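Letter by letter, the chains look like this.
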Amino acid sequence: MTAKYDYDVLYLGAGHGTFDGAVPLAQKGFKIGVVEADKMGGTCPNWGCNAKIALDAPVLIRHQQQNMSDLFEGELPKVNWKNNMKHKHDVIDALPDMIEGLVQSVGIDVIHGFGQLKDSHTVQVNGEEKTAEKIVIATGLHPHKLMVDGHELAHDSQEFLALDELPEDITIIGSGYIGMEFASIAQAAGANVTVMMSHGIVLRNFYQPYVTLIVDQMKKDGIQFIENANVSAFEQTTSGYVVKYGDNQEHATKWILDATGRTPNVENMGLEEVGVEYDQTGIKVNGYLQTSVDSIYASGDVISSSQPKLTPTAAFESAYLTQLFSRETSKEIDFPAVASVTFTTPRIAQVGVSVDEAKDNPDYRVVESDLAQTNWYYQAFKEPIAKRSLVFDQNNQLVGATEVSQKADDVINALVPIIELKPTKEQMGRMIHLFPSIASDVFSSL
């Protein structure tokens, strides 16, 4: 540690944009501090990925049983919300303390409180000033609020993930990944669900013909969709709430979820005073994740970036900063192929060159397969919806993949190293997978 500052690196925020890089940096002998105003671990383990997947686990099983209903006796069960919520708490409640213990075990100082920049090397927390040679802003995102009349009556994703009782009727404003995933979870637990779309597109970043298959299935399951809703107000009534939308239309409901997106955590941090440039999409950085102030960097979802705002992206950026600060690299960050998924039922996942990018480009060839009709592995699980599109370049190298199925996440994960590492035909031939398995099935199609 330099004698001039309290820390070599001081991180604002304790999510994956921090601890994936801060821990190895501390292990290299750097003096590290982490400032966190809320739970250690940030959104992902507490109000995002881990919590969502814990709640979704029985939903996936229920849909598998639904697909194979003719092989079972009795009625299809619904998910027990109270027990499932307890299961979620059993899975995630210990994570903040575990993460804090991990970072402290390597000598990192954890400072609980809200950090505010005072100058290019100083952060004020709880009335005390902490200095660092370098500062990393990794404060993430928070739920966006639709600013209409009565907006205070709506709830956000964090509140949905903490519901002790599931309302019998839920209206979801927004049709992005949060709205669609939570619609699937709530419907499987017995709620009547209505999704109000701000336009006519669902999951806009995914291949729309495949998204349509998901929406059609969700409609069959009883979820209602209202396109181009143009929500104008929320009102409370004696029996619940009313959502006003469209041309003087009203929709009665028991609970409102505002799933209209997420917003960078940049407010009241002193960014303007110090000179860190940002806009509504996040903090602006260069190829070294460096902000407009030389000693201040940013990592994770708070960055204004074309990269998907995902946990693995934040972890990769944090690890890159470790290499940069420890002088293991002097190069700009070079992002690999980043896979993304929406955990609806069925799932949709993608990586690399998208189908839309490839279809009108003569440099690419798209191979689409209807796996539900032609593939024995998917037929064994009676999957009614299973389609895959593979994108190849002129050298017949796989450069992109998209799938919609209950196994889409596992399939795309299996293809990531092929797209990123580009193995030769000989190397591909040396990859022997478990059989039968989804990975073996995927590789047989290449």
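These notes cover the structure that comes with them. (Residues numbered from 1 in each chain as written. Predicted model: local features only at pLDDT ≥ 70, side-chain atom pairs only at ≥ 80, totals over all residues. Heavy atoms only, no water.)

## Brief notes about the overall build of the protein
Thinking step 1. Summing up its helical and strand segments, the protein has 16 helices and 23 strands in all.
Thinking step 2. Against the 2.2 N^0.38 benchmark of 22 Å for 446 residues, the protein shows a C-alpha radius of gyration of 23 Å, consistent with a compact globule.
Thinking step 3. Considered along the principal axes of its C-alpha atoms, the protein spans approximately 70 × 70 × 40 Å.
Thinking step 4. Relative to its 446 residues, the protein shows a buried fraction of 50%.
Thinking step 5. Here the analysis covers contacts within the protein between residues at least 6 apart in sequence; of these, 63% occur between residues at least 24 apart.
Thinking step 6. Summed over its atoms, the accessible surface of the protein is roughly 21,100 Å², and 48% of this surface lies on carbon and sulfur atoms.
Thinking step 7. Averaging the locations of the 34 positively and 59 negatively charged side chains of the protein gives two centres separated by 4 Å. (Helix = DSSP H or I, 4+ residues; strand = E, 2+ residues; numbered from the N terminus. Rg over C-alpha atoms; globule rule 2.2 N^0.38 Å. Buried < 20%, exposed > 50% of the residue type's maximum accessible area, 1.4 Å probe, protein only. Contact = heavy atoms within 4.5 Å. Areas by Shrake-Rupley, 256 points an atom, 1.4 Å probe, with all protein chains shown as cover. Lys, Arg positive; Asp, Glu negative; His and termini not counted. Charge placed at Lys NZ, Arg CZ, Asp CG, Glu CD.)

## Observations regarding the state of the cysteines
Thinking step 1. One pass over the structure, following the stated rule, counts one disulfide.
Thinking step 2. One disulfide in the model links cysteine 44 with cysteine 49; its S-S distance is 2.5 Å. Linking cysteine 44 and cysteine 49, the disulfide has an S-S dihedral of approximately -130° and is accordingly described as left-handed.
Thinking step 3. On the basis of relative accessible area, cysteine 44 is assigned to the buried category, the value being 9%. (Disulfide = S-S within 2.5 Å.)

## Digging into the sheet that holds strand 13 (residues 249–253)
Thinking step 1. Taken in spatial order, the three strands make up an open sheet running 11-12-13, and their pairing is antiparallel. Because the sheet does not close on itself, it has two edges, and the strands there are strand 11 (233–236) and strand 13. Here the strands of the sheet are splayed against their neighbours by 25° on average, with no regard to which way each runs. (Pairing = 2+ DSSP bridges. Axes fitted to C-alpha atoms, helices over the stretch in contact; angles between N-to-C directions.)

## Examining the environment of valine 399
Thinking step 1. In this structure, valine 399 sits in strand 23 (residues 398–405).
Thinking step 2. Under the relative-accessibility criterion, valine 399 is labelled buried at 12%.
Thinking step 3. Through-space distance from the C-alpha of valine 399 to that of serine 354 is 8.9 Å; in sequence the pair is 45 residues apart.
Thinking step 4. Dropping the residues within four chain positions of it, valine 399 is found in contact with Val351, Gly352, Val353, Tyr364, Val391, Phe392, Asp393 and Ile419.

## Brief notes about the environment of isoleucine 172
Thinking step 1. Along the chain, isoleucine 172 falls in strand 8 (residues 169–173).
Thinking step 2. A relative accessible area of 0% means that isoleucine 172 is categorised as buried.
Thinking step 3. For the pair isoleucine 172 and isoleucine 214, spaced 42 residues apart in sequence, the C-alpha separation works out to 17 Å.

## Comments concerning the pairing of strand 11
Thinking step 1. Strand direction decides the pairing type here: strand 11 and strand 12 (residues 241–245), joined by four bridges, are antiparallel. If you follow phenylalanine 234 over to strand 12, its bridge partner there is valine 243.
Thinking step 2. Hairpin connection of strand 11 to strand 12: four residues between the antiparallel strands, including glycine 240 at a positive phi of 155°.

## A closer look at helix 7 (residues 177–188)
Thinking step 1. Between its first and last C-alpha atoms helix 7 spans 17 Å; for twelve residues at 1.5 Å apiece the expected length is 16 Å, and the two agree.
Thinking step 2. By the criterion of burial, helix 7 is predominantly enclosed, with eleven of the twelve residues buried.
Thinking step 3. All buried positions along helix 7 are accounted for by Ile178, Gly179, Met180, Glu181, Phe182, Ala183, Ser184, Ile185, Ala186, Gln187 and Ala188.
Thinking step 4. Backbone geometry just downstream of helix 7 places glycine 190 in the positive-phi region, at approximately 105°. (Expected span 1.5 Å × (residues − 1).)

## Considering the pattern of salt bridges
Thinking step 1. In this structure the tally under the stated criterion is 14 salt bridges.
Thinking step 2. For the salt bridge of lysine 382 with aspartate 70, the shortest nitrogen-to-oxygen distance reads 3.5 Å. Here the residue lysine 382 occupies a position in the loop between helix 13 (376–380) and strand 22 (387–392), and aspartate 70 occupies one in the loop between helix 3 (49–67) and helix 4 (81–92), the gap between them amounting to 312 residues.
Thinking step 3. Since its relative accessible area comes to 32%, lysine 382 is described here as partly exposed.
Thinking step 4. Taking relative accessible area as the criterion, aspartate 70 reaches 53% and is therefore assigned exposed.
Thinking step 5. Residue lysine 130 is joined to glutamate 128 by a salt bridge in which the shortest nitrogen-to-oxygen separation is 3.6 Å.
Thinking step 6. When salt bridges that share partners are traced, they join Glu235, Lys244 and Glu250 into one network. (Salt bridge = Lys/Arg side-chain N within 4 Å of Asp/Glu carboxyl O.)

## Some remarks on the nonpolar core
Among soluble globular proteins, nonpolar side chains are generally buried collectively.
Thinking step 1. Ile32, Leu117 and Ile137 are the most contacted members of the largest nonpolar core, which totals 45 residues.
Thinking step 2. Aside from chain neighbours lying at most four places away, what touches isoleucine 137 is Leu12, Leu117, Met269, Leu271, Ile283, Ile296, Tyr297, Ala298, Ser299 and Val302.
Thinking step 3. Met197, Ala259, Val355 and Val404 belong to the second largest nonpolar core, which has 44 residues in total. (Core = buried A, V, L, I, M, F, W, Y, C linked by side-chain atoms within 4.5 Å.)

## Notes on the packing of helix 1 (residues 16–27) against helix 10 (residues 311–325)
Thinking step 1. The geometry of helix 1 relative to helix 10 is characterised by a closest axis approach of 7 Å and an angle of 35° between their N-to-C directions. The handedness of the crossing between helix 1 and helix 10 comes out as right-handed. The residues of helix 10 that touch helix 1, namely those facing His16, Gly17, Thr18, Asp20, Gly21, Ala22, Pro24 and Leu25, are Thr311, Ala314, Ala315, Ser318, Ala319, Thr322 and Phe325.
Thinking step 2. Looking at the contact of helix 1 with helix 10, its residues break down into seven nonpolar, seven polar and one charged. (Left-handed = near helix turned anticlockwise from the far one by under 90°. Nonpolar A, V, L, I, M, F, W, Y, C, P; charged D, E, K, R; others polar.)

## Section: the sheet that holds strand 8
Thinking step 1. Judged by pairing direction, the sheet is parallel, and its four strands sit side by side in the order 10-9-8-14 without closing on themselves. One side of each edge strand has no neighbouring strand; the edge strands of this open sheet are strand 10 (224–226) and strand 14 (255–258). Taking each pair of neighbouring strands and ignoring which way they run, the sheet shows an average axis angle of 20°.
Thinking step 2. Bridge count for strand 8 against strand 9 (residues 192–196) is five bridges, and the pairing is parallel. The partner of threonine 171 across the bridge, within strand 9, is threonine 194.

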